[in-house]
Amino acid sequence: MQTIGLTDLLRLPECVLSVVEADWNEIIEHASQSQLMGQLAARLKQANLYDDIPKAVRRHLELAELTSRQRSAAAMWEVNVIRRALDPKIRIVLLKGCAYSASADENAVGRMFSDVDIMVQRDVLETVESHLISLGWKPPRLSGYDSRYYRNWMHEVPAMEHVRRHTVVDLHHAINPPVSRCYISPSNYWEQVVELSKGIYVLSPVDRIIHCALHLIQEGESAKLLRDLYDLNLLIDQHCGWTTGLSSLLHRANELGVQSQVQSAVSAAQSIYAKGDTGHVTKDWLGSYLVVAAKVGPKKGAFAGQLAGLILLAYSHFIKMPLRLLAPHLLHKLYIKITGNKT
Amino acid sequence: MGSILLGEISAPDIDRCLRGAGLGLQVGTFRCLVRSDTGCLAEPLRLLYRDYPAATSPEGFYDFRILLKKKRGNLWGGSKVEFEWAGHSPFPPLPLAQTHPLFEWGLNWCVATLSGCHTVIHSAVVERDGRALVMPGAPGSGKSTLCAALALAGWRLLSDELTIVSQTSGAVEGVPRPISLKDGSIDIIRSRFPAADLTQPVVDTRKGTIAYVRPPAPALEICTGADKGIGHIVFPRFRADAALAVEPISHAMALAELLENTFNVGLLGVDGFQSLAGVVAQAECYAVEYSDLSDITAWIDTTCKP
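These numbers come from a predicted model, not from an experiment.

Cut-off values and rules
Residues numbered from 1 in each chain as written. Chains lettered and ligands numbered in written order. Predicted model: local features only at pLDDT ≥ 70, side-chain atom pairs only at ≥ 80, totals over all residues. Heavy atoms only, no water. Helix = DSSP H or I, 4+ residues; strand = E, 2+ residues; numbered from the N terminus. Rg over C-alpha atoms; globule rule 2.2 N^0.38 Å. Buried < 20%, exposed > 50% of the residue type's maximum accessible area, 1.4 Å probe, protein only. Areas by Shrake-Rupley, 256 points an atom, 1.4 Å probe, with all protein chains shown as cover. Lys, Arg positive; Asp, Glu negative; His and termini not counted. Charge placed at Lys NZ, Arg CZ, Asp CG, Glu CD. Contact = heavy atoms within 4.5 Å. Salt bridge = Lys/Arg side-chain N within 4 Å of Asp/Glu carboxyl O. Polar contact = N/O pair within 3.5 Å; in protein donor to acceptor, adjacent residues only side chain to side chain. Core = buried A, V, L, I, M, F, W, Y, C linked by side-chain atoms within 4.5 Å. 1 Å grid on protein atoms, 1.4 Å probe; cavity = no way out; pocket = protein on both sides within 12 Å on 5 of 7 lines; lining within 4 Å. Points joined across faces, edges and corners; volume = space filled by probe spheres on them. Nonpolar A, V, L, I, M, F, W, Y, C, P; charged D, E, K, R; others polar. Pairing = 2+ DSSP bridges. Expected span 1.5 Å × (residues − 1). Axes fitted to C-alpha atoms, helices over the stretch in contact; angles between N-to-C directions. Parallel < 35°, antiparallel > 145°, perpendicular 65-115°, else oblique. Left-handed = near helix turned anticlockwise from the far one by under 90°. pLDDT = per-residue confidence, 0-100. Domains from an automatic or database assignment. Buried area = accessible area lost by both parts, 1.4 Å probe.

Quick look at the overall build of chain A
Part 1: In terms of regular secondary structure, chain A is built from 15 helices and seven strands.
Part 2: Its C-alpha atoms give chain A a radius of gyration of 20 Å, near enough to 20 Å, the size a compact globule of 343 residues would have.
Part 3: Dimensions along the principal axes, computed over C-alpha positions, put chain A at roughly 55 × 45 × 40 Å.
Part 4: Counting only residues that meet the buried cut, chain A has 54% of its 343 residues in that class.
Part 5: In the structure as shown, chain A presents an accessible area of about 15700 Å², 53% of it carried by carbon and sulfur atoms.
Part 6: The positive charge centre, built from 37 side chains, and the negative charge centre, built from 34, are 6 Å apart in chain A.

Observations regarding the interface of chain A and chain B
Part 1: Opposite the 19 residues of chain A that make contact, chain B presents 21 residues.
Part 2: If you look at where chain A meets chain B, you find three salt bridges.
Part 3: Across the pair Arg59(A) and Asp63(B) runs a salt bridge whose closest N-O atoms are separated by 3.6 Å.
Part 4: Remark: the boundary between chain A and chain B carries eight residue pairs in polar contact (both at pLDDT 80 or more).
Part 5: When contributions to the side of chain A that touches chain B are tallied by element, the ones reaching two or more residues are helix H2 (23–33) and helix H4 (55–85) of chain A.
Part 6: Looking at which element gives the most residues to the side of chain A that touches chain B, the answer is H4(A), with nine residues.

Overview of the nonpolar core
Part 1: In terms of nonpolar packing, the biggest core is built from 79 residues, with Trp24(A) and Leu232(A) touching the most fellow members.
Part 2: Top contributing element to this core by residue count: helix H10 (residues 225–239) of chain A, with eight residues.
Part 3: Each residue touching Leu232(A), except ones within four places of it in the same chain, is listed here: Ile209(A), Cys212(A), Ala213(A), Leu216(A), Ala265(A), Val266(A) and Ala269(A).
Part 4: If you look at the next biggest cluster of nonpolar residues, it comprises 46 residues, including Leu6(B), Ala112(B), Ile210(B) and Leu267(B).

Regarding the layout of surface pockets
Part 1: Its boundaries defined by the atoms lining it, the second largest pocket holds a volume of some 780 Å³.
Part 2: Residue lining of the second largest pocket: 30 residues in total, with Arg59(A), Glu62(A), Cys117(B), His118(B) and Glu173(B) positioned closest to the centre.
Part 3: Breaking the lining of the second largest pocket down by element, the ones donating at least two residues are H4 of chain A together with strand E10 (162–165), strand E11 (172–173) and helix H8 (265–281) of chain B.
Part 4: Taken together, the residues that form the lining of the second largest pocket break down as twelve nonpolar, nine polar and nine charged.

Brief notes about the sheet that holds strand E6 (residues 194–197) of chain A
Part 1: In spatial order, the strands read E3-E4-E5-E2-E1-E7-E6 (chain A); together these seven strands make up an open sheet with mixed pairing. The open sheet has two edge strands with one neighbour each: strand E3 (137–138) and E6 of chain A.

A word on helix H13 (residues 285–296) of chain A
Residue and element names in this part refer to chain A.
Part 1: Between its first and last C-alpha atoms H13 spans 17 Å; for twelve residues at 1.5 Å apiece the expected length is 16 Å, and the two agree.
Part 2: All of the buried residues in H13 are Leu-286, Gly-287, Leu-290, Val-291, Ala-293, Ala-294 and Val-296.
Part 3: The secondary structure elements touched by the buried residues of H13 are helix H9 (205–219), H10, helix H12 (259–273) and helix H14 (303–320).

Some points on the packing of H13(A) against H14(A)
Residue and element names in this part refer to chain A.
Part 1: It is the contact of H13 with H14, at a shortest axis distance of 8 Å, that shows an interaxial angle of 125 degrees. Relative to H14, the element H13 lies oblique. Considering the relative orientation of H13 and H14, their crossing is left-handed. Taking contact as the criterion, the partners of Trp-285, Leu-286, Tyr-289, Leu-290, Val-292, Ala-293 and Val-296 in H13 are, on H14, Ala-304, Gly-305, Ala-308, Gly-309, Ile-311, Leu-312 and Tyr-315.
Part 2: When grouped by side-chain class, the residues that make up the contact of H13 with H14 number twelve nonpolar, two polar and no charged.

Details of unusual backbone geometry
Part 1: Even without being glycine, Asn48(A) reaches a positive phi, approximately 60 degrees.
Part 2: As for its position among the elements, Asn48(A) is in the loop between helix H3 (37–46) and H4.
Part 3: Classification of Asn48(A) by relative accessible area gives exposed; the value is 70%.
Part 4: In the Ramachandran plot, Asp129(B) falls in the positive-phi region, its phi being about 50 degrees despite a non-glycine side chain.
Part 5: In this structure Asp129(B) comes out as partly exposed when scored by relative accessible area, which is 47%.

Considering the confidence of the model for chain B
Part 1: With 97% of its residues at a pLDDT of 70 or more, chain B shows a mean pLDDT of 91.
Part 2: Confidence estimates for the predicted assembly give a pTM of 0.90 and an ipTM of 0.90.

Regarding the pairing of strand E1 (residues 23–27) of chain B
All names here are of chain B.
Part 1: Counted residue by residue, E1 has five buried out of five residues, so it is predominantly covered.
Part 2: A two-sided burial pattern is seen for E1, the buried positions comprising Leu-23, Leu-25 and Val-27 on one face and Gly-24 and Gln-26 on the other.
Part 3: Sheet topology places E1 next to strand E2 (residues 30–36); five bridges connect them, and they run antiparallel. Its bridge partner lying in E2, Leu-25 is registered against Cys-32.

Focus on the domain arrangement of chain B
All names here are of chain B.
Part 1: Assigned domains of chain B: these are domain 1 (6–113) and domain 2 (119–303).
Part 2: A C-alpha centroid distance of 25 Å is found between domain 1 and domain 2.
Part 3: Residue-level contacts link 22 residues of domain 1 with 27 residues of domain 2.
Part 4: For the pair domain 1 and domain 2, the summed buried area comes to about 2100 Å², and 65% of that belongs to carbon and sulfur atoms.
Part 5: In this structure, the connection of domain 1 to domain 2 is made through three salt bridges.
Part 6: Measuring nitrogen to oxygen at the nearest pair gives 2.7 Å for the salt bridge that ties Arg-177 to Glu-104.

Take a look at the structure:
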């Protein structure tokens, strides 16, 4: 019999009944590395299987749940601080962890996140940024080059850390870089944002799914892939369903010009986490690499996983900016690395 | 874990386990599996963890599967050792001679991290008659020396580094571990307690020269900790040539000081604050300046009674 791993438990929590005590070593370490410990606890609790877990293992799970609850409360507290400080006319859209948490998406339970991701419209970006600075969020010291790189090409300002509380705010004006191959004009999703409380918004459920899919490809970070694909799985499960709802999701992705990326991400999430009958999204080359990179994750010495990780990293750069910008950027980074010259 | 104690296993056998599938060690309520290819760990572990339950082959679930791995250095640097738990390496690699201190620091980090659901205070703690005596202090305040002197003279050692207070009951959990002594305090403890087991001092660590004292066996006999909570909180302050000076301090002041030394204030939030405030309100609190170890231990023995 094959040993049961982390992804088996997330997909079919009933498997926990055939987990022997020694199997938990790998499961807990894998969950810790891929930041899925709290969500694993939530999954097992939701399936009423928590009591079947050894007490020693529960100590690890309970800590992750507490950490997740506390971080999420702290992040929402920061959101309110920001909301109060800004002109009420400025709309704030929460993204990623904050959005899942504020809209009580199922994947928010036990989810580990640390940054506060918010989005405002491009024309108030500078105003909001200077307000954040006056509230104590410090812009990082960047070289002139890096600073121009962010200002000119990116969809967010460099992450800002609070001088006293050390919380990090990522301020966006779009969900992907304006120079990206698959740039989505923000008006497309601003039209459909949902207001949760006075002045605080989230993307529509379908757009949250699309952002999740696009983000995991755009970041090219294999360490968080397993978690991001799990988010995608739960969001699809909750908001459109794995059977009939997929076509409307892909239709919206097509409308936004990101169908192929979303399809790859959905196919990867499907092959790792979906159970039973699904709408069968065909897996293309990108989807296959996502699966390999996610499953191998940060483990050292696994060649296939590292190769898949590299390919994803290269692809993420490829879609982030056109070659005429990317080539000089990579050359510049290489030059800095060789010379150690940081100006 | 198995019914054998680490002291019953020979050093070469311990080294074989460390190089192979791992050596199981029960520390308080935590189960550890230690692996290392450095060859520097078997001797100090056998000396210090003599009375701890151990296992020569892995079995069941371990809270920490720890790896201390030799890293080949460059031509002029020499080999180093790296600490790893579940892919986390919280410390930079250190010279091979510091393998054992790195193990102790790493295990402290593991225990402090996993105990996050309880209040975890950076402080020495000993117990008598079910009541804990907590001794927080900055490096150099002499808390470890004082802790060693008390633990070797009848107080039960709970920890020289981490005071873990239950969020629900206020009891102090014991995770007894070797006591680390720095620089001058090594000779002080050696001359005061000639029978105590100490490791060979390791020089030039980031904390200076350190040696570890084997925890006296009573520390390991009952693993329940101080179930009646904290009786006394003493903030020791070592100052050369000072006469013993005792100053009672308010609960509010003691609470503020303890919060400064608590690792997970942010994680526990309001609940953590309230629980700790409740615990401190039950305790007598003092700031004590001293230069002579005999003076302060004599004062503690008469004052800190249940």
